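Commentary on secondary and tertiary structure
This is what each chain is made of:
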Amino acid sequence: MQEKSTEERAKEEAEMTPYQLKKLNQRREREEKERAEIEDEINGLLQTKEAIPPPRVYHDKYDNDVKDIWCPGVTIIAGSKELLIDTTVKFTRGRKYGLVGRNGTGKTTLINSICRKEIAGLAKNLHILQVEQEVIGDDKSILEHVLECDVERADLLAEQDKLINYEGTDEEVKAENAQRLAEIDERLDFIDAHEAEQKAVMILVGLGFTEENIKEPSKAFSGGWRMRISIAKVVFCEPEVLFLDEPTNHLDLVALIWLEQYIKTLDITVVIISHARDFLNEVVDEIIELQNQKLTYYKGNFDIFQRTKTEQKKERMRKREMQLAEIAHMQTFVDRFKANAKLTTMAQSRMKAIDKIKAELQEEEFHEVDYVFRFPVPEKLSRPVLQLTDCKIGYS
């Protein structure tokens, strides 16, 4: 449909009643607001992608005391939506966590905020990584993509190669080069540089690649396989805190079992967002639930979390029922004797007790609403649905 010109729109508006014009302006304001919100969301996503640190190996770790995370009073607002309000973010070094909650509650936004060090109280020198978007397909091999995360190793090997191939005759320069080569060898030994390739191959093969195809360019692989490269890169880096957002979406059963076992061997903090119950049962020590803009922590795997939550809910309901029964009992006494002069004092005492119980009354539990999709039955299309006139169909 051809868009109306400015003159045509102005003519139509001139013929509208005041009520129609008011409705038109309201619709335009609403559409403008929706466009602005979409633009803000897109800009926010772009800024997030730019600000999240790329995978990189750091060999010089800092004092272990800073590796625990304890950040009280955290509030996160995305656009006009409050995702977290005055809650505590806490991770203990070396523990494996499952972060769960309904879609749209802010789980990914939370880990993005932590990775960008936007939360007050996070140590600035804490090495935190999350899986980026799939690796961009290019001419670099899969193995190169992983090894390039160790920037220091690559720089030292490049410098070593340059010094070894020095062809000058200056004896002083040769002596300096020899001293520097000794320093490089010592540093390469310290950072286990000669084992890096073996480690990278082990991770890639564990995630489903073969020792042959890891030498192929990344552009030869689909998006799903390039996501595996991204997972391999962050696992290779062994940060102090590692976030994995739905890793099971990109792995087959064999690769998933390998990742489960490998995560268990890591002496780092791992936080996993996943809807895969079996995976969380196998890997995590603790569940963090994001619900009602708060983080609640439960010891144990996903099954234990569900049992604990169900038991706590039943206990809250029993307490509420007892409180309501006590209120009803005392209210009956008040209604019966509040007009009796001799018992007025006792009735007033009961009323104060009722007010106190109401102030402490356990909140009523509401079941989370399930999403229901309804697909209306379409009307029958009138014939002909498609008509061809003077056409030829054939093969060349």
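Structure shown above.
Residues numbered from 1 in each chain as written. Predicted model: local features only at pLDDT ≥ 70, side-chain atom pairs only at ≥ 80, totals over all residues. Heavy atoms only, no water.

Here's the deal with the overall build of the protein
When its secondary structure is counted, the protein shows 12 helices and 8 strands. Residue burial in the protein is summarised as follows: out of 396 residues, 34% are buried. Within the protein, contacts between residues at least 6 apart in sequence are counted, and of these 66% link residues at least 24 apart. For the protein, the exposed area adds up to about 26700 Å²; of that, 51% sits on carbon and sulfur atoms. (Helix = DSSP H or I, 4+ residues; strand = E, 2+ residues; numbered from the N terminus. Buried < 20%, exposed > 50% of the residue type's maximum accessible area, 1.4 Å probe, protein only. Contact = heavy atoms within 4.5 Å. Areas by Shrake-Rupley, 256 points an atom, 1.4 Å probe, with all protein chains shown as cover.)

So, helix 7 (residues 193–206)
With 14 residues, helix 7 extends 20 Å from end C-alpha to end C-alpha; this agrees with the ideal 20 Å at 1.5 Å per step. Contacts from the buried residues of helix 7 go to helix 4 (142–147), helix 5 (151–164), helix 6 (171–190), helix 8 (223–237) and helix 9 (253–265). Just past helix 7, the residue Gly208 takes up positive phi, approximately 110 degrees. (Expected span 1.5 Å × (residues − 1).)

Some points on the pattern of salt bridges
Applying the stated criterion to the full structure yields 17 salt bridges. One salt bridge in this structure joins Arg93 and Asp267, with 3.3 Å as the shortest N-O distance. You can see Arg93 sitting in the loop between strand 2 (81–91) and strand 3 (96–100) and its partner Asp267 sitting in the loop between helix 9 and strand 6 (269–273), a full 174 residues away along the chain. In this structure, the salt-bridge partner of Glu286 is Arg95, at a minimum N-O distance of 3.2 Å. Taken together, the positions of Glu286 in strand 7 (residues 286–291) and Arg95 in the loop between strand 2 and strand 3 put the pair 191 residues apart, joining distant regions of the chain. For Glu286, a relative accessible area of 5% translates into the label buried. (Salt bridge = Lys/Arg side-chain N within 4 Å of Asp/Glu carboxyl O.)

Considering helix 12 (residues 344–359)
Here helix 12 contains 16 residues, and its C-alpha end-to-end distance of 23 Å stays within 8% of the 22 Å for a straight helix at 1.5 Å per residue. Along helix 12, the residues that are buried comprise Ala347, Ile354 and Ile357. Along the axis of helix 12, the buried positions cluster into a sector of 80 degrees, meaning they face one direction only. Opposite the buried face of helix 12, by more than 90 degrees, sit the exposed residues Thr345, Lys352, Lys356 and Ala359. (Arc of directions from axis to C-beta.)

So, the sheet that holds strand 7
Within a sheet, each strand pairs with its neighbour through backbone hydrogen bonds, oriented either parallel or antiparallel. Within the open sheet, the 6 strands sit side by side as 4-5-6-3-7-8. Their pairing is mixed. Of all strands in the sheet, those with a lone pairing partner are strand 4 (128–130) and strand 8 (294–299), marking the two edges. Averaged over all adjacent pairs, the angle separating strand axes in this sheet is 20 degrees, with direction ignored. Judged from the 6 bridges that link them, strand 7 and strand 8 form a sheet pairing that is antiparallel. Note that in strand 8 the partner of Glu289 across the bridge is Thr296. (Pairing = 2+ DSSP bridges. Axes fitted to C-alpha atoms, helices over the stretch in contact; angles between N-to-C directions.)

Examining the pairing of strand 3
The side chains of a regular strand alternate between both faces of the sheet. By the criterion of burial, strand 3 is predominantly enclosed, with 5 of the 5 residues buried. Burial along strand 3 is two-sided: Lys96, Gly98 and Val100 and Tyr97 and Leu99, pointing in opposite directions, are all buried. The pairing of strand 3 with strand 6 spans 4 bridges and is parallel. Looking at the pairing, Tyr97 lines up with Val271 of strand 6. Here 4 bridges tie strand 3 to strand 7, and the two strands are oriented parallel to one another. Note that in strand 7 the partner of Gly98 across the bridge is Ile287.

Remarks on the side chain of Gln130
Inspection of the secondary structure assignment puts Gln130 in strand 4. Polar contacts involving the side chain of Gln130 include one to the side chain of Asn112, which spans 3.2 Å. (Polar contact = N/O pair within 3.5 Å; in protein donor to acceptor, adjacent residues only side chain to side chain.)

A few points about the nonpolar core
In this structure, Ile203, Leu204, Val235, Phe236, Leu244, Ile263 and Ile272 are the most contacted members of the largest nonpolar core, which totals 48 residues. Only helix 4, helix 7, helix 8, strand 5 (241–245), helix 9, strand 6, helix 10 (277–283) and helix 11 (302–337) provide two or more residues apiece to this core. Residues in contact with Ile203, not counting those within four places in the same chain, are Ala232, Val235, Phe236, Trp258 and Tyr262. (Core = buried A, V, L, I, M, F, W, Y, C linked by side-chain atoms within 4.5 Å.)

Side note on the packing of aromatic side chains
By the definition in use, this model includes 7 aromatic pairs. Look at Tyr298 and Phe305: their rings are 4.9 Å apart centre to centre, the planes differ by 70 degrees, and that puts the pair in the edge-to-face class. For the pair formed by Tyr298 and Phe305, the shared burial category is buried. Ring pairing ties together the aromatic residues Phe91, Tyr97 and Phe243, which thus form one cluster. Over the ring of Tyr297 we find Lys90; its NZ or CZ atom is 4.8 Å from the centre of that ring. Against the face of Phe236 rests Lys199, its NZ or CZ located 5.1 Å from the ring centre. (Phe/Tyr/Trp six-rings, centres within 6.5 Å; stacked < 30°, edge-to-face > 60°. Lys NZ or Arg CZ within 6 Å of the ring centre and 35° of its normal.)

Digging into the packing of helix 7 against helix 9
Relative orientation of the contacting elements helix 7 and helix 9 amounts to 135 degrees, with a least axis distance of 8 Å. One way to sum up the angle between helix 7 and helix 9 is to call them oblique. Between helix 7, through Lys199, Met202, Ile203 and Gly206, and helix 9, the contact on the second element is made entirely by Ala255, Trp258 and Tyr262. Of the residues in the contact of helix 7 with helix 9, the class split is 5 nonpolar, 1 polar and 1 charged. (Parallel < 35°, antiparallel > 145°, perpendicular 65-115°, else oblique. Nonpolar A, V, L, I, M, F, W, Y, C, P; charged D, E, K, R; others polar.)

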